[in-house]
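Topology and contacts: notes
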Amino acid sequence: MSARIAALVLLVWLPLAAYVMFRPAFGPVGPYLLLPAIPAVIALYAIAIRRWHHSTIAVVGVSLVCFWLLMAAAAPYLPLIDPDKPLAPFVPPGGVGHGTFFLLGTDMRGRDVLSRTLWGCQRVLVWGIGATAVAYAVGIGLGLVGGYLGGWWDEIVSFAGNVFLSFPVMVLYILVLNFLGQSGFNIIIAVTCSSAPVIMRIVRGLALDARSRDYIHAAQTRGENPFWIMLVEILPNVRGPIIVDACLRLGYTTVAITTLTFLGLGLQPPDPDWGLMIKEASTAALLWKYSYMLIVPALAVSSLILGFNLISDGLRESGARE
Amino acid sequence: MTQAADRSPAPILECRGLSVSYAGHGGRGRVPAVIDFDLSIGGGQAHGLVGESGCGKSTVALAIMRYLGRSGRVDAGEIRFEGRDLLTSSPRELRALRGGSIAMVYQEPMASLNPSMTAGEQLVEVPMAHAGVARAEALRRARDMLERVRMPDARRILGAYPHQLSGGQQQRIVIAMALLAHPRLLVLDEPTTALDVTVEADIVELVRRISAELGTSMLYISHNLGLIRETCDRMTVMYAGEAVETGSVAGMFGRMRHPYTRALFASLPVPGADKHARPLTSIPGQVASPLDRPRGCGFGPRCAHFLDGPCGDAAIPLRVDDADHAVRCARAAEIGAVPAPVPAPARAPPRALASAPTPSIAPGEICLDVRALSKRYGAVSANAGVDLSLRRGETVGLVGESGCGKSTLARIVMGLAQADSGSIALASRPGPGIAATPAAPERSLDLARLPVRRRRRDTIRNLQMVFQNPFDTLNPTRTVGAQIARAVRKLGGERGAGRIRERVHELLELVKLPQEVAERRPGQLSGGQKQRAAIARAFAGNAAVVVADEPVSALDVSVQAAVIELLIDIQRRERTALLFISHDLSLVRYLADRVVVMYLGRIMEEGRTEEVFAPPYHPYTEALLASVPLADRRYAKRKVELRADIPSASNPPAGCRFSTRCSYRIDGTCERTPPPVQEFAPGHRIACHLPRQALAAMRPVFEETP
């Protein structure tokens, strides 16, 4: 069951990632890449709803996140106006400009806000999920080594973690992105630097507790090597709290990426992106009349973060019941 | 105590037709926990409530305290305390009753005490809150009460925080707190289960004295028949939420009527008997889930006397049998003709090996040899010069109280901890699919300081362990079959999926588990089944030595018997040497060929089982034996006094480590000079200063009553 969910998540994320990261390389075949992701999102949604139908919180969370995943995968196939094409500037929501109807209006360069918002979720989802996954891989690995092996390993891992944690998060991001250059991959590195030490601490604590269990002693007295013990005996037994935390952290990462883009540190124009939309709208939105340019992408970000957080709560709830 | 029972004719506490249920999982229906329960406790009377886990004993106590929480509910019946209906009392009235007229003592003393307040502050609170007396007066009362609960060093105790006290002292503080309010009823829920045997004996003695001196009525809840026999006047046996038998303790132990009571009794090892004299019998099956109770007798599915007509048709009423003995059994009259106790006939007769007339099989060559092993944890000396050897096919029982170094020894043998000095040698033997290695001692390896990850594969295969906690011994996320298969691959040296699956099935059969269990995860298994799977895992590779660290102490008695029988059976068939670590002397008496008694890291006495359990004793062995609660009235027990609680294992006395508690202590000698080892028979050694004649003149602790 868990393996099926993991496979579906990959089936959604990998095409999306390939499409967003290397769009120029694919040229006109790019949109076909996203085709398998659409049924995968629907299947994922069906499984999640069947499993958590008794928890309203989880249902709302899953619905929000799956909505954005579906939009990300289906954007090229939706009857949307080209998000990058300047048409008529400053058209209010529901207004008509140059003969075109704009449901959510246009921005100061005349681009459709609805289209930009729906397209914009692609970047946040790809880089947000990617950065969180990498941070988790690193954090779990270091946490298991520190917690299970202990001794010098623990000293080294914990010390390195504390060094990274001693930087204010923003300073760390600015340092990494200025040093390595501004790109999506460097955002992954920056997020990993700030999140992995926290994840490492959580996993280390869990592993430390698991280490004194009799089934670990049984594995040791059976002559298992440390990697087997960490990956087969410990990791599956501590996955509950890790998954709950991961959903919460997806929310943080989304915030971080949007903030970085807003500050001009992360992803660069011209592709539609929520952070960029907020940044560009921030001057125009000083006038109440144009505040929709800011409110629409801001609501989009909030709904996605809320979705991740609600899933996390739902998981915690079902974990507590079991 | 029987006079005390007559003191007041009106019952202090009375439950009539009490039924309690809990809310089901996810709001699905209600789960009955107690059904149609009657109880009547007179003034000054001690009433015992016995049964296995999940039978509803604690729910009865919680219902009396009205502590059922949000999910629990009293569905029917009444609870009257001194004539007042507790179920209709207001929260205010209840608050005045709780702690005042009714007090409760729980299993874990540490959980009942506030860790950030001294014992004195917590004691003083009670009279100040309930009697409204001034602080000085409250302090005086607290001191008096400490004297009563036999805590002589009141000044130190009053100023101590809970963590600075031993488990026995903590439980005495809890009891003192309960008694300070002069309750009319004291409810004790397994008050000694978390304590050591010698401490348990002390607390039991205390409880018995209190009920006699203060006239407090008691409801004593325990899973231990022996404890109930030693503390109570009347008792009720519960099974699956129902009272199945109730009566006076003397009457019931004289003539057990209900098949469950008898089966429970037959599954207890008796300190006077061993595996050859009286094989243990277990109760087949397990307690039915409260959601699908059988229509007729609740015990029916497990009962050897079950008949479709009388037992299976309708609920069985609790019938008063003679003067004060009531039984919930449709066939009590017919079964009653058979003298109790009888082994359950449903079970196959004990296997030929176990009932063979030869008392112990001829021990083979030495396969594990521990020499002068010492281990310190900071100031704590966990093992000091321990010598121990195991021969092929032999069971050695290692007994002692908690903190005596038994588990440390096991951990060092297994390579999970390393000794400071000493040596361990292992003679390995061939396994299935592994080329035979000569089991000559010169091929053995010093293992005392070799951690398990640096040991040779062959050594690892030859040393296996069965762990204590059934809920922790299997990986909860992997199927039982996968875990046994892994052990077969690593220890049995088997290759090929087909061969491994075959071997897993063989092992499951060996431990009498159905094949389907292989597909299940540990969460779907009962405690007994989990421990069986753990035994299968330990025997997967034909180990030369198996260390079992309290393998059944967390199981119910009826299940305990089956697991123990299984362990002995496999061990004998495979001619494995078994090091059986336990605090339960009856169990060790039952299954061990040789016994080693440890105290604070040193061996006090060792010898063949019959020798250790008969005089001459080491004074510590004598005290341990005397603290075993005795359920069998065919034996009488002598009382042995101990001077104090177990001291901390740090900085033990330079001489005999037991000298601080020994009632035979020779002042000036025992605490200064290490005791000489005196040999009474080949292999029967006692480390004691007492003259040989004095040791030889000791009387047996248990004697058969005429």
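Residues numbered from 1 in each chain as written. Chains lettered and ligands numbered in written order. Predicted model: local features only at pLDDT ≥ 70, side-chain atom pairs only at ≥ 80, totals over all residues.

Here's the deal with the overall build of chain A
In plain terms, the rule: Numbering of helices and strands runs from the N terminus; a helix is a DSSP stretch of H or I covering at least four residues, while a strand is a stretch of E covering at least two. With C-alpha atoms as the basis for the radius of gyration, the globule rule is written as 2.2 Å multiplied by the number of residues raised to the power 0.38. Exposure in this text rests on C-beta crowding, where 20 or more other C-beta atoms within 10 Å of a residue's own make it buried, 12 or fewer make it exposed, and counts in between make it partly exposed. The C-beta atoms are placed from the backbone. Contact between two residues is assigned when their C-beta atoms, built from the backbone, lie within 7 Å.
Of the regular secondary structure elements, chain A holds 14 helices and two strands. The C-alpha atoms of chain A give 22 Å as radius of gyration, which agrees with the globular expectation for 322 residues (20 Å, within 12%). Expressed along its principal axes, the backbone C-alpha trace of chain A runs to roughly 80 × 45 × 40 Å. The 322 residues of chain A split such that 44% are buried. Across chain A, the fraction of contacts at a sequence separation of at least 24, relative to all contacts at a separation of at least 6, is 68%.

Concerning the overall build of chain B
Within chain B, the regular secondary structure consists of 24 helices and 25 strands. For chain B, the proportion of its 706 residues judged to be buried stands at 51%. Here the contacts in chain B between residues at least 6 apart in sequence split such that 69% fall between residues at least 24 apart.

Concerning the nonpolar core
The nonpolar side chains of soluble globular proteins are, as a tendency, buried together. Short version of the rule: Put simply, a nonpolar core is a cluster of buried Ala, Val, Leu, Ile, Met, Phe, Trp, Tyr and Cys residues tied together by C-beta atoms within 7 Å.
With 291 residues, the main nonpolar core has Val12 and Leu16 of chain A together with Ile484, Val545, Leu579 and Phe580 of chain B as its most contacted residues. By residue number, the principal contributor to this core is helix H6 (residues 113-149) of chain A, which donates 17 residues. With sequence-adjacent residues up to four places away left out, leucine 16 of chain A is seen in contact with Leu34, Ala37, Ala72, Ala73, Gln122, Leu125 and Val126 of chain A.

Here we look at the sheet that holds strand E16 (residues 421-426) of chain B
Residues and elements named next belong to chain B. Keep this limit in mind: By the convention used here, strands pair only if DSSP detects at least 2 bridges between them. Every axis in this analysis is a line fitted to C-alpha atoms, fitted for helices over the stretch in contact. Angles between the N-to-C directions lie between 0 and 180 degrees.
Taken in spatial order, the three strands make up an open sheet running E14-E13-E16, and their pairing is antiparallel. Pairing within the sheet leaves two strands with one partner each, and these edge strands are strand E14 (380-391) and E16. This sheet shows a mean twist of 15 degrees between the axes of neighbouring strands, independent of strand direction. Pairing between strand E13 (residues 366-377) and E16: five bridges, direction antiparallel. Each bridged residue has a counterpart across the sheet, and for arginine 371 the counterpart in E16 is serine 423.

Observations regarding the interface of chain B and chain A
Here is the rule we go by: Gly counts as polar in this scheme, as do all residues outside two lists: the nonpolar Ala, Val, Leu, Ile, Met, Phe, Trp, Tyr, Cys and Pro, and the charged Asp, Glu, Lys and Arg.
Between chain B and chain A, the contact holds 19 residues from the first and 13 residues from the second. Secondary structure elements with two or more residues in the side of chain B that touches chain A: helix H16 (457-462), strand E17 (463-466) and helix H17 (480-491) of chain B. Taken together, the residues of the side of chain B that touches chain A break down into ten nonpolar, five polar and four charged.

Section: the sheet that holds strand E9 (residues 234-239) of chain B
Residue and element names in this part refer to chain B. Read across the open sheet, the eight strands follow the order E6-E7-E8-E3-E9-E10-E12-E11; overall the sheet is mixed. Each edge of the open sheet carries a strand with a single partner, namely strand E6 (102-105) and strand E11 (319-322). Between one strand axis and the next, the sheet turns through 20 degrees on average, direction left out of account. Pairing of E6 with strand E7 (residues 185-189) involves four bridges; the strand directions are parallel. Residue pairing across strands places isoleucine 102 opposite leucine 185, the latter belonging to E7.

Examining the pairing of strand E21 (residues 602-608) of chain B
Residues and elements named next belong to chain B. Counting buried residues along E21, six of its seven residues qualify, which places the element largely inside the surrounding structure. Where strand E20 (residues 594-599) and E21 come together, six bridges link them in antiparallel fashion. Directly across from arginine 594, in E21, lies its bridge partner arginine 608. Adjacent in sequence and paired antiparallel, E20 and E21 are bridged by two residues, among which leucine 600 carries a positive phi angle near 45 degrees. Alignment of E21 against strand E24 (residues 684-687), held across two bridges, turns out to be antiparallel. Looking at E24, one finds that glutamate 606 is bridged to arginine 685.

Notes on the packing of helix H19 (residues 527-538) of chain B against helix H20 (residues 557-574) of chain B
Residue and element names in this part refer to chain B. In plain terms, the rule: An angle counts as roughly parallel when it lies under 35 degrees, as roughly antiparallel when it exceeds 145, as roughly perpendicular when it falls between 65 and 115, and as oblique in every other case. Crossings are classed by handedness, with left-handed meaning an anticlockwise turn of the near helix from the far one by less than a right angle and right-handed meaning a clockwise turn.
Between H19 and H20, the shortest axis-to-axis distance is 10 Å and the interhelical angle comes to 10 degrees. On the basis of the axis angle, H19 is roughly parallel to H20. Crossing geometry of H19 relative to H20 is assigned as right-handed. When H19 is examined against H20, the residues Gly527, Gly528, Gln531, Arg532 and Ile535 are found in contact with a partner set consisting of Val559, Ala562, Val563, Leu566, Leu567 and Ile570. Residue classes in the contact of H19 with H20 are distributed as seven nonpolar, three polar and one charged.

Here we look at unusual backbone geometry
As a rule of thumb, non-glycine residues mostly have phi less than zero, and peptide bonds are mostly trans rather than cis. All names here are of chain B. In this structure, the amide linkage connecting proline 615 to the following residue, proline 616, adopts the cis form with an omega of -5 degrees. Secondary-structure assignment places proline 616 in the loop between helix H22 (609-612) and helix H23 (619-626). With a phi angle near 50 degrees, glutamate 190 is a residue other than glycine that sits in the positive phi range. Examined against the element boundaries, glutamate 190 turns out to sit in the loop between E7 and helix H9 (197-214). Looking at glutamate 190, the number of C-beta atoms within 10 Å reads 20, which means it is buried. One non-glycine residue, alanine 240, adopts positive backbone phi at about 50 degrees. Position of alanine 240 relative to the elements: it lies in the loop between E9 and strand E10 (242-248). Assessed through the 25 C-beta atoms surrounding it within 10 Å, alanine 240 is described here as buried.

Considering the environment of leucine 304 of chain A
Residues and elements named next belong to chain A. Its place among the elements puts leucine 304 in helix H14 (residues 292-321). Residues leucine 304 and glycine 61, 243 residues apart in the sequence, show an inter-C-alpha distance of 8.6 Å. Other than its neighbours up to four places away in sequence, leucine 304 contacts Leu64, Val65, Trp68, Val124 and Thr254.

A word on the environment of alanine 111 of chain B
Mapped onto the secondary structure, alanine 111 of chain B falls in helix H4 (residues 109-112). C-alpha of alanine 111 of chain B to C-alpha of glycine 527 of chain B: the two residues are 416 residues apart in sequence and 24 Å apart in space.

Some remarks on the packing of helix H1 (residues 2-21) of chain A against H6 of chain A
Residues and elements named next belong to chain A. As a packed pair, H1 and H6 sit with axes 10 Å apart at the nearest point and diverge in direction by 115 degrees. H1 and H6 meet at a crossing whose hand is left-handed. For the pair H1 and H6, contact is made by Trp13, Leu16, Ala17 and Val20 and by Gln122, Arg123, Leu125, Val126, Ile129 and Gly130, respectively. Of the residues in the contact of H1 with H6, the class split is seven nonpolar, two polar and one charged.

A closer look at the environment of cysteine 303 of chain B
Residue and element names in this part refer to chain B. When you line up the elements, cysteine 303 lands in the loop between helix H12 (259-266) and helix H13 (308-312). Among the residues examined, cysteine 303 registers 23 C-beta atoms within 10 Å and is labelled buried. Those residues in contact with cysteine 303, other than ones at most four positions away along the chain, are Pro259 and Cys297.

Section: the confidence of the model for chain A
Cut-off, in case you're wondering: What pLDDT reports is the predictor's confidence in each residue, on a scale of 0 through 100.
Put simply, chain A has an average pLDDT of 88, and 98% of its residues get 70 or more. Across chain A, element-level confidence peaks in helix H10 (residues 214-220) of chain A with a mean pLDDT of 94 and bottoms out in strand E1 (residues 95-97) of chain A with 79.

Points about helix H12 (residues 239-262) of chain A
Residues and elements named next belong to chain A. For clarity, the threshold we go by: Expected helix span is computed as 1.5 Å times (number of residues minus one).
Helix length check: H12 (24 residues) gives 34 Å between terminal C-alpha atoms against 34 Å at 1.5 Å per residue, within 8%. Turning to H12, its buried residues number three or more, namely Ala246, Cys247, Arg249, Leu250, Gly251, Thr253, Thr254, Ala256, Ile257, Thr258, Leu260 and Thr261. Looking one or two residues beyond H12, the residue adopting positive phi is glycine 264, at roughly 80 degrees.

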